[in-house]
Amino acid sequence: SASQPLLEIKGLNAGYGEIEVLHGIDLQMFEGEFVCIIGANTAGKSTILRAISRLVPHVTGTLRFAGNDLSSRASHDIPTLGIAHVPEGRHVFSDMMVEENLMLGAFTARHAKDLSSRMEGIFELFPRLRERRGQLAGTLSGGEQQMVAVGRALMLQPKLLLLDEPSHGLAPKVVEEMHDAFTKIHSRGTSILLVEQNVGLALDVATRGYVLESGRIALQGTSAELNENPAVRAAYLGI
Ligand code: ATP
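Calculation criteria
- Residues numbered from 1 in each chain as written.
- Predicted model: local features only at pLDDT ≥ 70, side-chain atom pairs only at ≥ 80, totals over all residues.
- Heavy atoms only, no water.
- Helix = DSSP H or I, 4+ residues; strand = E, 2+ residues; numbered from the N terminus.
- Rg over C-alpha atoms; globule rule 2.2 N^0.38 Å.
- Buried < 20%, exposed > 50% of the residue type's maximum accessible area, 1.4 Å probe, protein only.
- Contact = heavy atoms within 4.5 Å.
- Areas by Shrake-Rupley, 256 points an atom, 1.4 Å probe, with all protein chains shown as cover.
- Lys, Arg positive; Asp, Glu negative; His and termini not counted.
- Charge placed at Lys NZ, Arg CZ, Asp CG, Glu CD.
- Near = heavy atom within 4 Å.
- Polar contact = N/O pair within 3.5 Å; in protein donor to acceptor, adjacent residues only side chain to side chain.
- Nonpolar A, V, L, I, M, F, W, Y, C, P; charged D, E, K, R; others polar.
- Pairing = 2+ DSSP bridges.
- Axes fitted to C-alpha atoms, helices over the stretch in contact; angles between N-to-C directions.
- Parallel < 35°, antiparallel > 145°, perpendicular 65-115°, else oblique.
- Left-handed = near helix turned anticlockwise from the far one by under 90°.
- Expected span 1.5 Å × (residues − 1).
- Arc of directions from axis to C-beta.
- Salt bridge = Lys/Arg side-chain N within 4 Å of Asp/Glu carboxyl O.

## Re the overall build of the protein
Here is step 1: Broken down by element type, the protein carries 10 helices and 10 strands.
Here is step 2: Relative to the globule expectation of 18 Å for 239 residues, the C-alpha radius of gyration of the protein, 17 Å, shows essentially globular dimensions.
Here is step 3: Projected onto its principal axes, the C-alpha coordinates of the protein cover approximately 45 × 45 × 40 Å.
Here is step 4: Each of the 239 residues in the protein was classed as buried or not, and the buried ones make up 48%.
Here is step 5: Sequence separation of 24 or more characterises 68% of the internal contacts of the protein that already satisfy a separation of 6 or more.
Here is step 6: If you sum the accessible surface of the protein, you get close to 11,000 Å²; carbon and sulfur atoms cover 50% of it.
Here is step 7: Distance between charge centroids for the protein: 4 Å, based on 22 positive and 27 negative side chains.

## Some points on the site of the ligand
Here is step 1: Taken together, the neighbourhood of the ligand is formed by 14 residues, with Asn41, Gly44, Lys45, Ser46 and Thr47 sitting nearest.
Here is step 2: A distance of 2.8 Å is found between an oxygen atom of the ligand and a backbone nitrogen or oxygen belonging to Lys45.
Here is step 3: Measuring from an oxygen atom of the ligand, one finds a side-chain N or O atom of Glu165 at 3.3 Å.
Here is step 4: Starting from 620 Å² of accessible surface for the ligand in isolation, the protein chains cover 63%.
Here is step 5: Element by element, the count of residues in the shell around the ligand is highest for helix α1 (residues 45–52), at four residues.
Here is step 6: Residue composition of the shell around the ligand, grouped by class: four nonpolar, six polar and four charged.

## Structural notes on the sheet that holds strand β5 (residues 68–69)
Each strand in a sheet pairs with its neighbour through backbone hydrogen bonds, running either in the same direction (parallel) or in the opposite one (antiparallel).
Here is step 1: Judged by pairing direction, the sheet is antiparallel, and its four strands sit side by side in the order β2-β1-β4-β5 without closing on themselves. Of all strands in the sheet, those bounded by a partner on one side alone are β2 (19–29) and β5.
Here is step 2: In this sheet, β2 lies alongside strand β1 (residues 7–16) in antiparallel orientation, the contact comprising seven bridges. The partner of Tyr16 across the bridge, within β2, is Ile19.
Here is step 3: Strands β1, β2 and β4 (58–65) of the sheet are contacted by α1, whose axis makes an angle of about 110° with β1.

## Considerations on the packing of helix α6 (residues 142–154) against helix α7 (residues 172–187)
Here is step 1: Relative to each other, α6 and α7 sit at 15°, their axes nearing to 10 Å. As judged from the angle between their axes, α6 and α7 are roughly parallel. Of the two possible hands of crossing, α6 and α7 adopt the one that is right-handed. Across from Gly143, Gln146, Met147, Val150 and Leu154 in α6, the residues of α7 making contact are Val174, Glu177, Met178, Phe182 and Ile185.
Here is step 2: Grouping the amino acids of the contact of α6 with α7 by side-chain chemistry returns seven nonpolar, two polar and one charged.

## Side note on α7
Here is step 1: Across its 16 residues, α7 extends 23 Å between first and last C-alpha, which sits within 8% of the 22 Å expected from 1.5 Å per residue.
Here is step 2: Residues of α7 that are buried: Val174, Val175, Met178, His179, Ala181, Phe182 and Ile185. The arc enclosing the buried residues of α7, seen along the axis, measures out at 155°, which places them on a common side. Along α7, the residues that are exposed and aim more than 90 degrees away from the buried face are Pro172, Lys173, Glu176 and Ser187.

## Quick word on the pattern of salt bridges
Here is step 1: Inspection of the entire model under this criterion finds 11 salt bridges.
Here is step 2: For Glu144, the salt bridge identified is with Arg128, shortest N-O distance 3.2 Å. Note that Glu144 is positioned in helix α6 and Arg128 in helix α5 (residues 127–131), a separation of 16 residues in sequence.
Here is step 3: Take Arg128: its relative accessible area is 25%, and that puts it in the partly exposed class.

## Things to note about the side chain of Asn68
Here is step 1: Within the secondary structure layout, Asn68 lies in strand β5.
Here is step 2: Among the polar contacts made by the side chain of Asn68, one reaches the main-chain carbonyl oxygen of Ala66 at a distance of 3.3 Å.
Here is step 3: Not counting chain neighbours up to four residues away, the residues in contact with Asn68 comprise Leu63, Arg73 and Leu81.

## Quick notes on helix α4 (residues 115–125)
Here is step 1: Every buried residue belonging to α4 is among Leu115, Arg118, Met119, Gly121, Ile122, Phe123 and Leu125, and all of these are buried.
Here is step 2: On its buried face, α4 sits against α3 (98–104), α5, α6 and α7.

## Considerations on the sheet that holds strand β7 (residues 160–164)
Here is step 1: Taken together, the six strands give an open sheet; going across it, the order is β6-β7-β8-β3-β9-β10, and neighbouring strands pair in mixed fashion. The two strands at the open ends of the sheet, each matched to only one other strand, are β6 (83–86) and β10 (216–222). Averaged over all adjacent pairs, the angle separating strand axes in this sheet is 15°, with direction ignored.
Here is step 2: Of the pairings in the sheet, the one linking strand β9 (residues 208–213) to β10 comprises six bridges and is antiparallel in character. Paired with Arg208 across the two strands is Thr222, which belongs to β10.
Here is step 3: Along the sheet, α6 makes contact with β6 and β7, crossing β6 at roughly 170°.

Below is the structure:
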């Protein structure tokens, strides 16, 4: 129902082996929100996304999505629930064409009749991919590969898109294109949870954010509130 959060994380502890990385994370998202998680290197931002996708071995606490208890699900189940995860780094299948990479994203929907219109929607977002649909993904620029990675996730038509540092290492102009695309994806109705080290960029594009410090939520608020917060300005915006 409309009053239930789409994503509900409560008291989440997570880690690798003996090392706990997240300590008691509480995070909620309602349908249609665009939320960012910001914070320094190694704060544990990616681990939150990986915990949602069931890719972290040791997890305790509540993880719910659209009425489903994620803690009882395997990682391969997560996309079928409507969560698409674009991990850090540009993961494309280098020896396959752009179009083939996109089709792989629709593996859980391979019988859907509208795959070509889904692809058309992605080409509208990233016109450069249309021009290069027959090109091997390994020969694309870094920015174009990131567009393929995001496009592949969108082929699922997810309810929630998890984006891990999608702008990392890209030229400013490409970052701008990427963020325009996120705004459009959001306005088409997809909820987005974005992890960003670039706090200025994240607060520009998301409407609300969480600041993660050493595995704990240190602050949360609307992007405007965080932008004006003296601690955020001093620590992350260099002001
Ligand atoms: P970054 O931007 O550097 O990825 P982050 O905030 O996303 O930062 P995480 O990637 O979540 O941080 O990593 C948090 C901590 O967990 C780090 O200290 C990292 O070394 C550790 N860690 C991450 N993945 C693993 C793993 N597979 N095995 C062991 N430790 C890991």
